[in-house]
Amino acid sequence: MNKTLKELLEAEEKRQRQGLELIPSENYVSRDVLDALGSIYTNKYSEGYPGKRYYGGQENTDKVEQLAIDRAKQLFGADHANVQPHSGAPANIAVYQAWLEPGDCVMAMQLDQGGHLTHGHPVTSSAKLYKFVRYGIKDIETGEIDYDAMREVAKKEKPKILLAGFSGYPRALDYEKFASIGNEVGAVLMADMAHIAGLIAGKALPNPFDFGFHIITTTTHKTLRGPRGGMILTRGTVGNPLKAPDKTVENLPTLIDREVFPGFQGGPHMNNVLAKAVAFGEAQQPEFQTYAKQVLKNAKRLADELMNRGFKLVTNGTDNHLIQIDMMKSFEVTGREAQDILDEIGLTANCNSIPNDPLPPFRPSGLRLGTPAITSRGLNEDDMALVAEWMNAAIVGRNKPDQLKKLKAIVSEFASKYPLPSDK
Ligand SMILES: *Cc1c(COP(=O)(O)O)cnc(C)c1O
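Residues numbered from 1 in each chain as written. Predicted model: local features only at pLDDT ≥ 70, side-chain atom pairs only at ≥ 80, totals over all residues. Heavy atoms only, no water.

Draft legend 1. Representation of the overall build of the protein. Looking only at helices and strands, the protein has 16 helices and 16 strands in total. Relative to the globule expectation of 22 Å for 424 residues, the C-alpha radius of gyration of the protein, 22 Å, shows essentially globular dimensions. Overall, the protein is about 65 × 55 × 40 Å in size when its C-alpha atoms are taken along their principal axes. Once local pairs closer than 6 in sequence are excluded, the contacts in the protein between residues at least 24 apart make up 71%. (Helix = DSSP H or I, 4+ residues; strand = E, 2+ residues; numbered from the N terminus. Rg over C-alpha atoms; globule rule 2.2 N^0.38 Å. Contact = heavy atoms within 4.5 Å.)

Draft legend 2. Region of the structure containing the site of the ligand. Around the ligand, the structure places 14 residues, and the nearest of them are Ser 87, Ala 89, Asp 192, His 195 and Lys 222. Taking Ala 89, its main chain carries an N or O atom lying 2.8 Å from an oxygen atom of the ligand. Taking Asp 192, its side chain carries an N or O atom lying 2.6 Å from a nitrogen atom of the ligand. Bound to the protein, the ligand loses 85% of the 380 Å² it would expose on its own. Considering each element in turn, the shell around the ligand owes the most residues, three residues, to helix α4 (residues 88–99). Grouping the amino acids of the shell around the ligand by side-chain chemistry returns three nonpolar, nine polar and two charged. (Near = heavy atom within 4 Å. Polar contact = N/O pair within 3.5 Å; in protein donor to acceptor, adjacent residues only side chain to side chain. Areas by Shrake-Rupley, 256 points an atom, 1.4 Å probe, with all protein chains shown as cover. Nonpolar A, V, L, I, M, F, W, Y, C, P; charged D, E, K, R; others polar.)

Draft legend 3. Fine view of helix α10 (residues 270–283). Look at α10: 20 Å from first C-alpha to last across 14 residues, which is about the 20 Å you get at 1.5 Å a residue. Buried residues dominate α10, accounting for twelve of its 14 residues. Of the positions making up α10, those classed as buried are Met 270, Asn 271, Asn 272, Val 273, Leu 274, Ala 275, Lys 276, Ala 277, Ala 279, Phe 280, Gly 281 and Ala 283. Buried positions along α10 lie against α2 (31–37), α3 (61–76), β12 (230–234) and α11 (286–308). (Expected span 1.5 Å × (residues − 1). Buried < 20%, exposed > 50% of the residue type's maximum accessible area, 1.4 Å probe, protein only.)

Draft legend 4. Structural view of a nonpolar patch on the surface. Residues Met 1, Leu 5, Leu 8 and Leu 9 make up a contiguous nonpolar surface patch of about 460 Å² in total accessible area. Residue position: Leu 8 is located in helix α1 (residues 3–18). Given the relative accessible area of 53%, Leu 8 is considered exposed. (Patch = residues over 30% accessible without salt bridge, like charges linked within 9 Å, V, L, I, M, F, W, Y side chains within 5 Å. Salt bridge = Lys/Arg side-chain N within 4 Å of Asp/Glu carboxyl O.)

Draft legend 5. Up close: the packing of aromatic side chains. Within the structure shown, the criterion is met by 14 aromatic pairs. Between Phe 288 and Tyr 291, the aromatic rings sit 4.9 Å apart at their centres with planes inclined by 55 degrees, giving tilted as the arrangement. On the criterion of helical spacing, the pair formed by Phe 288 and Tyr 291 is a turn pair, its members being three residues apart in helix α11. As far as the burial class goes, Phe 288 and Tyr 291 line up, both buried. Taken together, the ring pairs connect Tyr 135, Tyr 147, Tyr 175, Phe 178, Phe 211 and Phe 213 into an aromatic cluster. (Phe/Tyr/Trp six-rings, centres within 6.5 Å; stacked < 30°, edge-to-face > 60°.)

Draft legend 6. Region of the structure containing the sheet that holds strand β16 (residues 366–370). Spatial ordering of the open sheet is given by β13-β16-β15, a layout of three strands whose pairing is antiparallel. Edge positions in the sheet fall to β13 (322–326) and β15 (350–352), since each has one partner strand and no second. Neighbour-to-neighbour, the strand axes of this sheet turn through a mean angle of 35 degrees, independent of strand direction. The sheet contact formed by β15 and β16 spans three bridges and is antiparallel. Residue pairing in the sheet places Cys 351 in a bridge with Leu 367 of β16. (Pairing = 2+ DSSP bridges. Axes fitted to C-alpha atoms, helices over the stretch in contact; angles between N-to-C directions.)

Draft legend 7. Fine view of the side chain of Thr 219. Following the sequence through the fold, Thr 219 ends up in strand β11 (residues 215–219). In this structure the side chain of Thr 219 is engaged in a polar contact, spanning 3.0 Å, whose partner is the backbone oxygen of Ala 194.

Draft legend 8. Representation of the pattern of salt bridges in the model. Scanning the entire structure with this criterion turns up 22 salt bridges. As a salt-bridge pair, Glu 184 and Arg 151 come within 2.8 Å of each other at their nearest N and O atoms. Of this pair, Glu 184 sits in helix α7 (residues 175–185) while Arg 151 sits in helix α6 (residues 147–157), placing them 33 residues apart in sequence. Taking the shortest distance from any N to any O, the salt bridge between Arg 301 and Asp 382 comes out at 3.4 Å.

Written out as structure tokens, the structure reads:
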């Protein structure tokens, strides 16, 4: 590596070590996951699936991918797993393309209330191909979804997919209600659990498959704590991916496999598939359940500590790992200003739109936080009071450079006591 890049690598390591990571979609992987990612599996082309490859030399890759598939199925109680999607967005696109025809309708969460870009934001290619209709929150104070309105819109629009999932919603979804509405209108039930997969694998949150969902898509790098990547889990019959099956729910696994490759992607990134197998093995250990439960305990405590200090939380709390703060209401600073102030003291968070946000997406009112990364780092509930206090002191003292400098030193000294999980 040349000197400039080596310096940038070291600088990033220092940033991660001396700060506290509060972005809810980020985490720290283990040394084994890092080693797998940096392994010689990156040299290998493996188009196809285990036992059905196009190139030679697959005696090892077949075993690796099969192990990743078997572990994923076991972790989430799926009949089938496709571990090849390069990330969460390609996983969602592959499902849309496997099941929908252009012009078909998908019903998903209101984007400013927590839905993800890939759930049909107008700037995406999916939104140009398919029609997206919305469900949303009934009561901003509690965050409860308006299931009656969901049913009405679903009856009228007859979506082919009813999509449960979010990247900015701090409350629990009622999967039973989703299933009853989806079944009533004949929609395939899809859960995008990119954010919460690790909490489901760790048995801290319910699994949509237990409520009759047909498809789960996820990233593998958020709470699941694996390499950057995506995955699609299904229930149904696994046929021959090389033969086009009818579009039936039973055939979803085959339809999706065909769409991931060759429909949408080329060769899988086998170093990444190896790292997924490693991470899924880690998620099968009892300690992973302890981690998942601690993520939730930390989030609840951090929410309480923040509210005690005058932070106004969207929905007034959290049921999962993430917290949304209305920074304008709390302190009359924008989410983006808050993000920059916290950056100055070594706390990393991200600004985000909140429901009915009067400000534009690039400079929104909200600040989004989460506890997965700091939990992986080893922080517990009692540490959340410190984090909330530092946040408060930074926002209140935002115009006092000396105070921010002092806070940065305090945060850095504290964070340096907690090694990165990949140190071990
Ligand atoms: C993060 C996320 C994605 C996209 O994942 P990428 O890996 O960034 O492509 C999709 N859906 C949801 C709900 C997410 O939170």
